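What follows is the residue order along each chain.
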Amino acid sequence: MSSPDHILPAYSVFSLTEFLHSFPNDHPLQIALRTYALSLSLSLGPSLVSFFVSAKARAGNAARLAYVLKRELGLTGFACAMAVGVGGGAALRRLWDMLPAGDDVEDENALQKIRISVKESLQMWLRSFQGTQRTFLSNALSSFLAISLLHSRTRDRLPVPRSKAHIVTPPVIEHASRPLLTLDLTLLLLVRALDSIVQTGIKRFVQTRDTVVDQQAKSKIERKMRWLRTNIDALIFWACSARVMWCFFYEPQRLPQSYNKWIMTLANIDPRILSALRAIRSGEWSYRSHHSAHPDLVSSLSKDLGYPSAWGDTSLLPAYGGKQADAAWKALGVPGRQGIGGIPCELVHGGVTGGSCTANAGIRGAQAFAEALALYLPVHILPVLLARPRTLLQLPRLVGTLAGVLRSASFLSTFVASIWLAVCCTRTLVLARLFPWVSHDVWDGPHGCTLAGSLVCGASIWLEHGRRRGEMALYVLPRAIRACLPEWLVRSGSKTVRYGERLTFVLSLATLLSAAVHRPDSLRGLSRWTVAFVMNGPNVGFWKRKPPAVLPPPTRPEPPAADPH
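Here the structure is a predicted model, which is why all the values come from computation and not from measurement. (Residues numbered from 1 in each chain as written. Predicted model: local features only at pLDDT ≥ 70, side-chain atom pairs only at ≥ 80, totals over all residues. Heavy atoms only, no water.)

Here we take up the overall build of the protein chain. What the protein chain contains, in helices and strands, is 23 helices and two strands. Considering only residue pairs separated by 6 or more positions, the protein chain has 73% of its internal contacts joining residues 24 or more positions apart. A total of about 31500 Å² of accessible surface is found on the protein chain, and carbon and sulfur atoms cover 64% of it. (Helix = DSSP H or I, 4+ residues; strand = E, 2+ residues; numbered from the N terminus. Contact = heavy atoms within 4.5 Å. Areas by Shrake-Rupley, 256 points an atom, 1.4 Å probe, with all protein chains shown as cover.)

Here the focus is a nonpolar patch on the surface. On the surface, L421, L429, V430, L431, L434, F435 and W437 cluster together to form a nonpolar patch covering roughly 630 Å² of accessible area. Where the nonpolar patch is concerned, the elements lending two or more residues are α16 (395-429) and α17 (431-434). Relative to the elements of secondary structure, L431 occurs in helix α17. You can call L431 partly exposed: its relative accessible area is 32%. (Patch = residues over 30% accessible without salt bridge, like charges linked within 9 Å, V, L, I, M, F, W, Y side chains within 5 Å. Salt bridge = Lys/Arg side-chain N within 4 Å of Asp/Glu carboxyl O. Buried < 20%, exposed > 50% of the residue type's maximum accessible area, 1.4 Å probe, protein only.)

The subject of this paragraph is the state of the cysteines. Here a disulfide denotes a covalent bond joining the sulfur atom of one cysteine to the sulfur atom of another. Counted by the stated rule, this structure contains zero disulfides. The thiol sulfur of C240 is not disulfide-bonded, and the nearest other cysteine sulfur, from C484, lies at 7.8 Å. (Disulfide = S-S within 2.5 Å.)

This part covers the side chain of R468. Along the polypeptide, R468 turns up in helix α20 (residues 466-484). Excluding its chain neighbours within four sequence positions, the residues that come into contact with R468 are Y376, V379, H380 and S408.

Before going further, it helps to examine the packing of aromatic side chains. Following the criterion strictly, the structure yields 13 aromatic pairs and no others. Ring centres of Y259 and W262 lie 6.2 Å apart, and the angle between their planes is 15 degrees; this geometry places the pair in the stacked category. One end of the pair is Y259 and the other is W262, both in helix α10 (residues 257-267) and three residues apart, which spans about a single turn. Look at Y307 and W311: their rings are 4.9 Å apart centre to centre, the planes differ by 15 degrees, and that puts the pair in the stacked class. Owing to a relative accessible area of 5%, W311 belongs among the buried residues under this scheme. Each member of the aromatic cluster is reached from another via a ring pair, and the members are W246, F248, F249 and Y250. Here R479 stacks its cationic end above the ring of Y259, 4.9 Å away from the centre of that ring. Stacked on the ring of Y475, the Lys or Arg R479 has its end atom at 4.1 Å from the ring centre. (Phe/Tyr/Trp six-rings, centres within 6.5 Å; stacked < 30°, edge-to-face > 60°. Lys NZ or Arg CZ within 6 Å of the ring centre and 35° of its normal.)

A word on the environment of V506. Topologically, V506 is positioned in helix α22 (residues 495-518). Take V506: its relative accessible area is 11%, and that puts it in the buried class. The spatial distance from the C-alpha of V506 to the C-alpha of I147 is 7.5 Å, given a sequence separation of 359 residues.

The final tally for this structure, using the stated rule, is 14 salt bridges. Of the charged contacts, one joins R93 and D97 as a salt bridge, the two residues approaching to 3.0 Å between their closest N and O atoms. With R93 and D97 both in helix α5 (residues 78-97) and four residues apart, the pair spans about one turn of that helix. A residue is classified by how much of its surface remains accessible, and D97, at 41% relative accessible area, is partly exposed. D195 is paired through a salt bridge with R524; the nearest N and O atoms lie 2.8 Å apart. Residue D195 is located in helix α8 (residues 183-207), and its partner R524 is located in the loop between α22 and α23 (525-536); the two are separated by 329 residues in the primary sequence.

Together, K220, R223, K224 and R226 make up a positively charged patch on the protein surface. Examined against the element boundaries, K220 turns out to sit in helix α9 (residues 215-250). Owing to a relative accessible area of 45%, K220 belongs among the partly exposed residues under this scheme. (Lys, Arg positive; Asp, Glu negative; His and termini not counted. Charge placed at Lys NZ, Arg CZ, Asp CG, Glu CD.)

Looking now at the confidence of the model for the protein chain. The predicted model of the protein chain has a mean per-residue pLDDT of 82, with 79% of residues at 70 or higher. Mean pLDDT values for the elements of the protein chain range from 59 in helix α1 (residues 4-21) up to 96 in helix α19 (residues 449-457). Every residue in residues 156-176 is under pLDDT 50, and counting partners more than four places away or in other chains gives 25 contacts. (pLDDT = per-residue confidence, 0-100.)

A separate point is unusual backbone geometry. Excluding glycine, residues mostly have negative phi values, and the peptide bonds linking residues are mostly trans. The backbone phi angle of N268 is positive, close to 55 degrees, even though this residue is not glycine. Residue position: N268 is located in the loop between α10 and α11 (271-282). Taking the relative accessible area as the measure of exposure, N268 reaches 40% and is therefore partly exposed. Notably, H290 is not glycine yet its phi reads approximately 50 degrees, a positive angle. As for its position among the elements, H290 is in the loop between β1 (285-286) and β2 (291-292).

Bringing the environment of R479 into the picture now. Looking at the secondary structure, you find R479 in helix α20. Remark: the alpha-carbon pair of R479 and P256, spanning 223 residues in sequence, is separated by 7.5 Å. In this structure the side chain of R479 is engaged in a polar contact, spanning 2.6 Å, whose partner is the backbone oxygen of Y475. (Polar contact = N/O pair within 3.5 Å; in protein donor to acceptor, adjacent residues only side chain to side chain.)

Look at α23: 16 Å from first C-alpha to last across 12 residues, which is about the 16 Å you get at 1.5 Å a residue. All of the buried residues in α23 are S527, V531, V534 and M535. Relative to the axis of α23, the buried residues are bounded by an arc of 85 degrees and lie together on one face. Of the residues trailing α23, G537 is marked for its positive phi of about 90 degrees. (Expected span 1.5 Å × (residues − 1). Arc of directions from axis to C-beta.)

Here you go:
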């Protein structure tokens with residue numbers, strides 16, 4: 001027989017579960033709980049995974065983990081703020097709809113009549129708002145509370161990093177403060193909200209054609225609009241990726257730190273090469289004057305790769321092509337670089353391959369393909385598992401999903417390989433050979449190989465499926481906007497900038513949440529799935545709420561009967 005101590009916890013858990021299941025999926029409490037759980041997984045999940053998977057992280061970042069736990073589980077944490085912003089809006093809207101119709105004031109005294117009259121006037125004014133207006137205003141008020149919680153966080157002053165001996169760092173404004181705490185989140189919400197507005201306009205434009213054209217013409221218009229939308233998405237991604245990659249080469253401080261680190265891992269480029277490119281741009285490195293403010297910058301890289309350190313010596317590298325370059329390469333013992341100048345490709349390629357540019361691009365593309373498979377496999381599989389898991393048992397559906405994974409992986413691998421191929425075609429294979437009288441200060445400068453690579457890589461988006469181009473554009477657009485903002489504005493501590501960012505956050509989040517209630521078809525991609533899960537619950541697929549179990553719940557233990565003796 002089970003003891004009461006074991007039955008009581010089971011009874012409490014069952015009672016709590018039944019209490020939560022007694023509310024509908026769209027109840028504000030359910031919405032707030034789902035928002036809190038999802039937000040907490042996004043803000044706390046990466047830190048926990050890194051801590052439990054990596055022994056190095058456990059050894060050196062225990063204090064950091066404690067700080068992150070205290071920050072994210074507190075009232076000013078991201079999860080709590082978003083629960084207030086999303087769940088609070090739903091609660092305010094429900095309270096708004098519950099306003100009474102009015103009171104009878106015939107038998108009240110004059111003062112009471114005035115009070116009731118003012119109350120009724122306020123209620124009448126509130127009831128005059130339409131459903132969409134009520135939803136937007138409720139979400140705007142709760143969004144203001146959410147951004148206020150996030151901005152109430154306290155943090156330490158950002159220390160100014162010290163540059164290493166041979167690393168050229170981008171210019172830093174030492175007197176400026178840290179970037180706005182919620183800027184990346186605000187830009188993300190702004191882009192998604194604007195996309196919702198644009199999609200609403202497109203759908204209304206198509207609907208206006210329903211009464212003036214027949215079904216065949218309507219289908220033709222829809223196909224044209226779909227073609228136009230997917231290609232506009234591709235153009236946006238191309239332009240944004242060009243800006244992002246250029247900033248990666250020269251101004252990485254304009255990009256989010258985690259995003260910059262991810263690009264660095266995927267590109268697999270030695271930081272000293274990036275420092276050399278930035279030194280050429282700033283004038284600290286010059287082929288023509290054979291001058292470098294950091295003489296051992298590339299020499300140390302050459303030595304680490306097993307080549308003579310002279311291959312990275314600025315005073316010995318030829319600035320132009322032609323016979324003088326051939327003589328310099330012969331003296332240095334560099335093979336296969338006749339007729340051109342600049343840093344040998346063996347150093348630019350790093351430890352991936354030797355001097356073969358085509359082999360370098362191919363190997364890096366293959367490496368990126370393998371990493372992309374691990375990245376895109378859950379991206380394509382998880383939505384199906386959450387919504388329609390049984391369809392994966394159907395062979396056509398499984399083949400189609402795997403084909404989508406391979407297509408997305410091909411896009412990312414082509415993105416990486418095309419950058420390297422464009423760089424090598426500019427400084428080694430094509431342009432530098434066609435124009436040997438042009439200095440490598442140009443070919444290796446900001447308007448040479450790096451610009452070519454930045455412009456070419458985004459074209460790989462046309463390999464991706466049309467429906468996913470929009471999601472990729474929405475993913476990179478906030479980062480491109482962040483990279484285009486002036487640094488003084490991003491790091492400004494003025495009240496005008498902070499209030500402007502708060503207003504943008506409030507309007508963007510309120511627009512998204514209102515669209516989730518009244519125009520869910522205007523949302524697409526990740527934003528559509530996220531708000532559908534938060535606002536309506538995971539009531540799809542095998543996540544549907546199960547009927548009550550046949551077994552009875554644990555019974556509350558009764559106190560033992562008194563002894564008659």
